[in-house]
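# Close look at the chain arrangement
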Amino acid sequence: CEEIIKIDTKNLLIYKPDLIIKIKNTKDQHSIKNRECRMQNLKDAFMVNDKSLEINNQNVVIIDDVFTTGTTILEIKKVLETAGAKSVRAITVAH
């Protein structure tokens, strides 16, 4: 994430690594092989850290290390949209 911000010469991006926090203890996703179980494992596991942080009507990009089932991204996307994000996109490093 920090490397992507370094190449943002026009300062279009704001790096907020603590915007989303995990509020539920879950098993490691890589230890769960079944897609449905992975989805259930992360259901309602995240929330926006600071309600005062203005994300209403903002375009947000999630950066995640691995995309397997997409569960992490989908759950975080849901939280961001509920908080008022205009659009949510995702970038992953590995598939």
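Presented here is a report on the structure given in the accompanying data block.

## Observations regarding the overall build of the protein chain
Looking only at helices and strands, one finds 3 helices and 4 strands in the protein chain. Secondary structure elements in the protein chain, listed N-terminal to C-terminal, are α-β-α-β-β-α-β. Counting only C-alpha atoms, the protein chain reaches 40 × 30 × 20 Å along its principal axes. Taken across its 95 residues, the protein chain has 28% of its residues classed as buried. Counted over contacts in the protein chain with a minimum sequence separation of 6, partners at least 24 positions apart contribute 68%.

## Observations concerning the side chain of Glu75
Inspection of the secondary structure puts Glu75 in helix H3 (residues 71-82). A distance of 3.1 Å separates a polar side-chain atom of Glu75 from the backbone nitrogen of Asp44. For Glu75, the contacting residues outside a window of four places in its chain are Leu42, Lys43, Asp44 and Phe46.

## Some thoughts on the nonpolar core
In this structure, Leu19, Ile20, Phe46, Val48, Ile62, Ile76 and Leu80 are the most contacted members of the largest nonpolar core, which totals 15 residues. When residues of this core are traced back to their parent elements, those giving at least two are strand E2 (46-48), strand E3 (59-66) and H3. In terms of residue count, the dominant contributor to this core is H3 (4 residues). Residues contacting Leu80, with those up to four places away along its chain left out, are Leu19, Ile20, Ile55, Val60, Ile62, Ala85 and Val88.

## Regarding H3
Over its 12 residues, H3 runs 17 Å from end to end, which matches the ideal 16 Å to within 8%, given 1.5 Å per residue. Looking at the packing, one finds that the buried side of H3 touches strand E1 (20-22), helix H2 (35-42), E2, E3 and strand E4 (87-94). Just beyond H3, the residue with positive phi is Gly84, at close to 110 degrees.

## What to know about unusual backbone geometry
Phi at Asp44 takes a positive value of approximately 60 degrees, unusual for a residue other than glycine. Inspection of the secondary structure puts Asp44 in the loop between H2 and E2. Residues other than glycine seldom take positive phi values, yet Asn57 does so here, at roughly 65 degrees. By the element assignment, Asn57 lies in the loop between E2 and E3.

## A few points about the packing of H2 against H3
Between H2 and H3, the shortest axis-to-axis distance is 9 Å and the interhelical angle comes to 35 degrees. As H2 runs across H3, the sense of the crossing is right-handed. Contacts between H2 and H3 involve Arg38, Met39 and Leu42 from the first element and Thr71, Thr72 and Glu75 from the second.

## Considering the pairing of E4
Sheet topology places E3 next to E4; 7 bridges connect them, and they run parallel. Bridge pairing links Val61 to Arg89 in E4. Each parallel crossover has a hand, and the one from E3 via H3 to E4 is right-handed.

Cut-offs used in this document
- Residues numbered from 1 in each chain as written.
- Predicted model: local features only at pLDDT ≥ 70, side-chain atom pairs only at ≥ 80, totals over all residues.
- Heavy atoms only, no water.
- Helix = DSSP H or I, 4+ residues; strand = E, 2+ residues; numbered from the N terminus.
- Buried < 20%, exposed > 50% of the residue type's maximum accessible area, 1.4 Å probe, protein only.
- Contact = heavy atoms within 4.5 Å.
- Polar contact = N/O pair within 3.5 Å; in protein donor to acceptor, adjacent residues only side chain to side chain.
- Core = buried A, V, L, I, M, F, W, Y, C linked by side-chain atoms within 4.5 Å.
- Expected span 1.5 Å × (residues − 1).
- Axes fitted to C-alpha atoms, helices over the stretch in contact; angles between N-to-C directions.
- Left-handed = near helix turned anticlockwise from the far one by under 90°.
- Pairing = 2+ DSSP bridges.
- Right-handed = clockwise from strand over helix to strand, strands pointing away.

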